[in-house]
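Listed here are the chains, written in short residue letters.
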Amino acid sequence: MPANEEQREIHRSGAEVLLRALKEQGVEVIFGYPGGAVLPIYDAIFQQNAIRHILVRHEQAAVHAAEGYARSTGRVGVVLVTSGPGATNAVTGLADALMDSIPVVCLTGQVPTHLIGNDAFQEADTTGITRPATKHNYLVKRAEDLARVVHEAFYVAKSGRPGPVLVDLPKDILINPAPYTPPPSTPHPSYRPQLDPDPARIAEAVALLKSAKRPIVYAGGGVINSGEAASAALIEFVRASNFPCTTTLMGLGAFPASEPQFLGMLGMHGTYEANLAMHGCDVMLAVGARFDDRVTGKLAAFSPHSRKIHIDIDPSSIDKNVKVDVPIVGDAGRALMALLEEWRASPGRPDTKAIADWWRQIDQWRARDCLRFHQPMQPGSVIKPQHAIRRLYELTRGIDRELFVTTEVGQHQMWAAQHFPFERPNRWLTSGGLGTMGYGLPAAVGVQVAHPDALVIDIAGEASILMNIQEMSTVAQYRLPVKIFILNNEYMGMVRQWQELLHGGRYSESYTAALPDFVQLAQSFHAVGLRAKSIEELDDVIREMLATDRAVIADIMVDQKENCFPMIPSGAAHNEMILGPEQEESAAGITDEGLVLV
Amino acid sequence: MANSSDNSYRSATISVLVDNEAGVLARVIGLFSGRGYNIDSLTVAPVDPERKQSRINIVTSGTEMVIGQIKAQLSRLVPVHRVADLGLEGPHVAREMALIKVICSGEKRTEALRLADAFRARVVDATTGSFVFEMTGTPDKLDAFLELMQPLGLAEVSRTGIAAIARGLKTI
């Protein structure tokens, strides 16, 4: 590489080379926590102003904050932690980003190269530990590799199916002089994901779609990862075809919830109409979704009569769980645009009469109003968690600021997915694949850092929020006005629900005794604490929370025994859904086979 | 419908061209153990010093869907350049080498030598009480020879696992 040779400049230290590479990659913010092995990087950070550092209070939170930053901006989130415990603490966040395909570059310190393998202080085999928790990882052992590896890490993190990439940096590499090289101008020698779909497959897919009598579009987080153009193409295709559209948990916002063709989320806690339409369809267009077990339910009974088209940028997502008839490898946006073009150009006409009949059937399912709940309104009534979320949504509608919602994991997450509609992509941030309790607060930190003027709400449960509650200190330090909306039922609600439905009501260890007073907790972290104990207090608390320009914890005491419905019990099929007490008719039996599933 | 199309197992010989860098074998093996795929045989060695590439040959088994997954999962590893399913992409040659120690005396010694000759195994070490045979062939041929050596005093075996390559003009 003679061109690169000429541009090589020797810098005083590897840490400076690292920061230069980060600047070149457009990095504005790093979420991190210092320690011995990364002191040279922190020293270099101290001596510059281009890159801002946000000091978190736990390394796991650094990764979630970077995920929040990445998912709300479409850019790569950057993490910086020290060796040993710094790196091992980050593992949960990395695994989370891997499962949900979030582009993150995690820089970890490492003991000096000559000490690697000697059980040195704060040494861990970071690349070994994180290999299955990252898309790719690197250990930089030579100064001349440093800049190249950092540039490559960003390329790998954001290309193809995005994901977390870790770069392990021994301390001597950071201290000693190192050459800088700019990002390569040639393509990566081996990692070149296919972006453009095969036109023959697109034609095949459109022919199948035009023959459909009971079609459905099933869209996932891949549409959001592809960018806003992909959502626009999805909307255009769904409108042009008059097909019904459902999205996964990760796909919420990829298709506007207010569109009449939106059936809501599908899957374990999806809507009646979405799941029955998936079960009864004859042609399925899956795009940027991966047939997760929370979506398919019992595989053998999953959408048994349909021919399936699957668009995915990751060839290993295709035919993994469900065998499909038309596989299309490529970027979701490009594939949807190609599909739309072919839909308009090709001669066949869709069967509008059959599709009108299909809509009549879907409207009957919709009439069940599966998300209905009953909220008694007389003063003193206990607050239903669904009602709290609906009111939160309604009271935020008039606000002329950008709105982002993060969640923790559990019942509150599913209720938020069901009752808080999203019109645009990148506004909804939740831990879907890994299901990481403690995700929401640090993710909200990342979102608020990226969007200082936006309204950022973490819809939380009282159990999940305690998993990363230390981030209240980060919130205080940077005066981030995040709103933490706790649906407090004093239980690990989803665990309690499963114990009620599957384990004979034996509530083993799911009641949280000795909860903190969240109002006082907020105050001790320099935030505002509010509480609503019964229905007449709810709206006032939400209004006050929204009107406060500081961080708020709103502790909403909700019905302790409320369950999240509809629910497809594990091991059951889409048409074996349990509906809520409001419209209960079937209590589908949970088989022993289902019991072993999670 | 399509979900249960083909549940029969098949064996697959997969060759993978990878960058010869630290951790690349761990990535491949970790993928197999992490996702519960079988490894029946695995060999790895550098094959292109100029490009710094190594070739990994893996014999695995699974349903058509699982083998498809294995190939897709291997292909998306960053240091992987090419994944070839040799059985599927045309005729190929697969060979394995074994070093086989037989401890025996008297008539059994002559019999062992006679069989070794028939199987074109070479004697690479001999003492008055033992032989070490070197033998190359398909895994089946090696199995057959080892079975014959069993009653004659088979004491120890070291096998390489298979190296495989496509027949004809085709290259990886």
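J.: I'd like a description of the overall build of chain B, backed by residues and values.
T.: When helices and strands are tallied, chain B shows four helices and eight strands. Helices and strands in chain B line up, N terminus first, as β-α-β-β-α-β-β-α-β-β-α-β. With respect to the principal axes defined by its C-alpha atoms, chain B has extents near 60 × 45 × 35 Å. The 172 residues of chain B split such that 42% are buried. Accessible surface for chain B amounts to roughly 9,100 Å². Of this, 53% is attributable to carbon and sulfur atoms. Side chains of chain B carry 20 positive and 19 negative charges; the gap between the two charge centres is 4 Å.

J.: Go over the overall build of chain A, please, and point to the residues and values.
T.: When its secondary structure is counted, chain A shows 24 helices and 20 strands. In terms of overall size, chain A behaves like a compact globule, its C-alpha atoms giving a radius of gyration of 25 Å where 598 residues would be expected to give roughly 25 Å. Projected onto its principal axes, the C-alpha coordinates of chain A cover approximately 70 × 65 × 50 Å. A burial count over chain A gives 61% of its 598 residues as buried. Within chain A, contacts between residues separated by at least 24 positions form 76% of all contacts whose residues are at least 6 apart in sequence. When the accessible surface of chain A is summed, it comes to about 22,500 Å², and 52% of that surface belongs to carbon and sulfur atoms. Positive and negative side-chain charges in chain A, numbering 53 and 68 respectively, have mean positions lying 3 Å apart.

J.: Which residues make up the pattern of salt bridges, and what are the values?
T.: Side chains bearing opposite charge may pair, as long as their charged atoms lie close to each other. Applying the stated criterion across every chain yields a total of 41 salt bridges over all chains. Between E562 of chain A and K384 of chain A there is a salt bridge, with its nearest N and O atoms 2.6 Å apart. Placement of the pair is E562 of chain A in the loop between β20 (552-557) and α24 (592-595) and K384 of chain A in the loop between α15 (352-366) and α16 (385-396), with a sequence separation of 178 residues. Take E562 of chain A and K384 of chain A: they sit in the same class, and that class is buried. For R10 of chain B, the salt bridge is made with E64 of chain B, and the minimal N-O distance between the two is 2.9 Å. Here R10 of chain B, found in strand β1 (residues 9-19), pairs with E64 of chain B, found in helix α2 (residues 64-75); they are 54 residues apart in sequence, far enough to count as distant. When salt bridges with common partners are traced through the structure, they connect R142, E144, D145, R148 and E152 of chain A into a single cluster.

J.: Any chance you could break down helix α9 (residues 199-210) of chain A for me, citing the residues and the numbers?
T.: All names here are of chain A. Along its 12 residues, α9 runs 16 Å from first to last C-alpha, staying within 8% of the 16 Å computed at 1.5 Å per residue. By the burial criterion, the buried members of α9 are I202, A205, V206, L208, L209 and K210. On its buried face, α9 sits against α11 (228-241), β12 (283-287), β13 (307-312), β14 (326-329) and α14 (332-345). Put simply, D198 is the residue that caps the front of α9, since its side-chain oxygen is 3.0 Å from the backbone nitrogen of A200.

J.: Give a detailed account of the packing of aromatic side chains, specifying residues and quantitative values.
T.: All names here are of chain A. Throughout the structure, instances matching the rule amount to 18 aromatic pairs over all chains. Summarising the aromatic geometry, the rings of F255 and F262 are spaced 6.1 Å apart at their centres and angled 35 degrees between planes, so their arrangement reads as tilted. Given a relative accessible area of 1%, F255 falls into the buried group. For F262, a relative accessible area of 12% puts it in the buried group. Taking the centre distance of 6.2 Å and the plane angle of 65 degrees together, the rings of Y491 and Y507 count as edge-to-face.

J.: Kindly report on the nonpolar core, identifying the contributing residues and their values.
T.: Membership of the largest hydrophobic core comes to 108 residues, with the highest contact counts inside it found for L234, F485 and I556 of chain A. Formed by 47 residues, the second largest nonpolar core is a distinct cluster that contains Y439, A460, L480 and I486 of chain A.

J.: Which residues make up the interface of chain A and chain B, and what are the values?
T.: The interface of chain A with chain B comprises 27 residues on the first partner and 18 residues on the second. Run the count over chain A and chain B and you get one salt bridge. For R76 of chain B, the salt bridge is made with D314 of chain A, and the minimal N-O distance between the two is 2.5 Å. At the surface where chain A touches chain B, the tally comes to five residue pairs in polar contact (both at pLDDT 80 or more). Considering each element in turn, the side of chain A that touches chain B owes the most residues, three residues, to strand β6 (residues 136-139) of chain A. Per-class residue counts for the side of chain A that touches chain B are 11 nonpolar, seven polar and nine charged.

J.: So what about the sheet that holds strand β3 (residues 52-55) of chain A? Which residues, and what values?
T.: Residues and elements named next belong to chain A. Read across the sheet, six strands follow the order β3-β2-β4-β5-β7-β6 without closing on themselves; strand pairing throughout is parallel. In this open sheet, the two strands that pair with only one neighbour each are β3 and β6. Pairs of neighbouring strands in the sheet enclose a mean axial angle of 20 degrees, with direction left out of account. Two elements, strand β2 (residues 29-32) and β3, share four bridges in a ladder whose sense is parallel. Bridge assignment links I30 to a residue of β3, and that residue is H53. Against the sheet, helix α5 (residues 85-99) makes contact with β4 (77-81), β5 (104-110) and β7 (164-170), and its axis sits at roughly 160 degrees relative to β7, the strand it touches most.

J.: Could you give me a rundown of the environment of G93 of chain A, with the residues and numbers involved?
T.: Residues and elements named next belong to chain A. Relative to the assigned elements, G93 resides in helix α5. Here G93 falls in the buried class, since its relative accessible area comes to 0%. A sequence separation of 28 residues divides G93 from A65, and the C-alpha atoms of the two residues are 9.2 Å apart. Apart from residues lying up to four places away in sequence, G93 is in contact with Q60, V63, H64 and E67.

J.: Give a detailed account of the state of the cysteines, specifying residues and quantitative values.
T.: Residues and elements named next belong to chain A. Within this structure, the stated rule accounts for zero disulfides over all chains. Sulfur of C564: no disulfide; nearest cysteine sulfur belongs to C370 and is 10 Å away. Note on C564: relative accessible area 0%, which makes it buried.

J.: Let's hear about helix α7 (residues 146-158) of chain A: which residues, and what values?
T.: Residues and elements named next belong to chain A. Taking 1.5 Å per residue, 13 residues should reach 18 Å; α7 reaches 19 Å between its end C-alpha atoms and fits that length. Most of α7 is tucked away: 10 of the 13 residues are buried. Residues of α7 that are buried: L146, A147, V149, V150, H151, E152, A153, F154, V156 and A157. Just downstream of α7 lies G160, where phi reads positive at about 60 degrees.

J.: Please give an account of the environment of E64 of chain B that cites residues and values.
T.: A residue is classified by how much of its surface remains accessible, and E64 of chain B, at 35% relative accessible area, is partly exposed. Distance in space between the C-alpha atoms of E64 of chain B and Y9 of chain B is 7.1 Å, their sequence separation being 55 residues.

J.: Got a sec to walk through the confidence of the model for chain B? Specific residues and values, please.
T.: Per-residue pLDDT for chain B has a mean of 94; in total, 97% of the residues score no lower than 70. Predicted complex metrics record ipTM = 0.91 and pTM = 0.95.

J.: Account for unusual backbone geometry, naming residues and giving values.
T.: Of the consecutive residues F565 of chain A and P566 of chain A, the connecting peptide bond is found in the cis state with omega at -5 degrees. By the secondary structure assignment, P566 of chain A is in the loop between β20 and α24. Phi angles above zero are rare outside glycine, and R120 of chain B is one such case at about 55 degrees. With respect to the helices and strands, R120 of chain B occurs in the loop between α3 (107-118) and β6 (122-127). Since its relative accessible area comes to 69%, R120 of chain B is described here as exposed.

J.: Talk me through the domain arrangement of chain B; I want residue IDs and the actual numbers.
T.: All names here are of chain B. Parsing chain B into structural domains produces domain 1 (4-89) and domain 2 (92-165). On a C-alpha basis, the centres of domain 1 and domain 2 stand 29 Å from each other. Each partner contributes to the roughly 570 Å² buried at the junction of domain 1 and domain 2, and carbon and sulfur atoms together form 59% of this total. Looking at the side of domain 1 facing domain 2, the largest losses of area belong to T43, N57 and L86, adding up to 51% of the total buried there.

Calculation notes
Residues numbered from 1 in each chain as written. Chains lettered and ligands numbered in written order. Predicted model: local features only at pLDDT ≥ 70, side-chain atom pairs only at ≥ 80, totals over all residues. Heavy atoms only, no water. Helix = DSSP H or I, 4+ residues; strand = E, 2+ residues; numbered from the N terminus. Buried < 20%, exposed > 50% of the residue type's maximum accessible area, 1.4 Å probe, protein only. Areas by Shrake-Rupley, 256 points an atom, 1.4 Å probe, with all protein chains shown as cover. Lys, Arg positive; Asp, Glu negative; His and termini not counted. Charge placed at Lys NZ, Arg CZ, Asp CG, Glu CD. Rg over C-alpha atoms; globule rule 2.2 N^0.38 Å. Contact = heavy atoms within 4.5 Å. Salt bridge = Lys/Arg side-chain N within 4 Å of Asp/Glu carboxyl O. Expected span 1.5 Å × (residues − 1). Polar contact = N/O pair within 3.5 Å; in protein donor to acceptor, adjacent residues only side chain to side chain. Phe/Tyr/Trp six-rings, centres within 6.5 Å; stacked < 30°, edge-to-face > 60°. Core = buried A, V, L, I, M, F, W, Y, C linked by side-chain atoms within 4.5 Å. Nonpolar A, V, L, I, M, F, W, Y, C, P; charged D, E, K, R; others polar. Pairing = 2+ DSSP bridges. Axes fitted to C-alpha atoms, helices over the stretch in contact; angles between N-to-C directions. Disulfide = S-S within 2.5 Å. pLDDT = per-residue confidence, 0-100. Domains from an automatic or database assignment. Buried area = accessible area lost by both parts, 1.4 Å probe.

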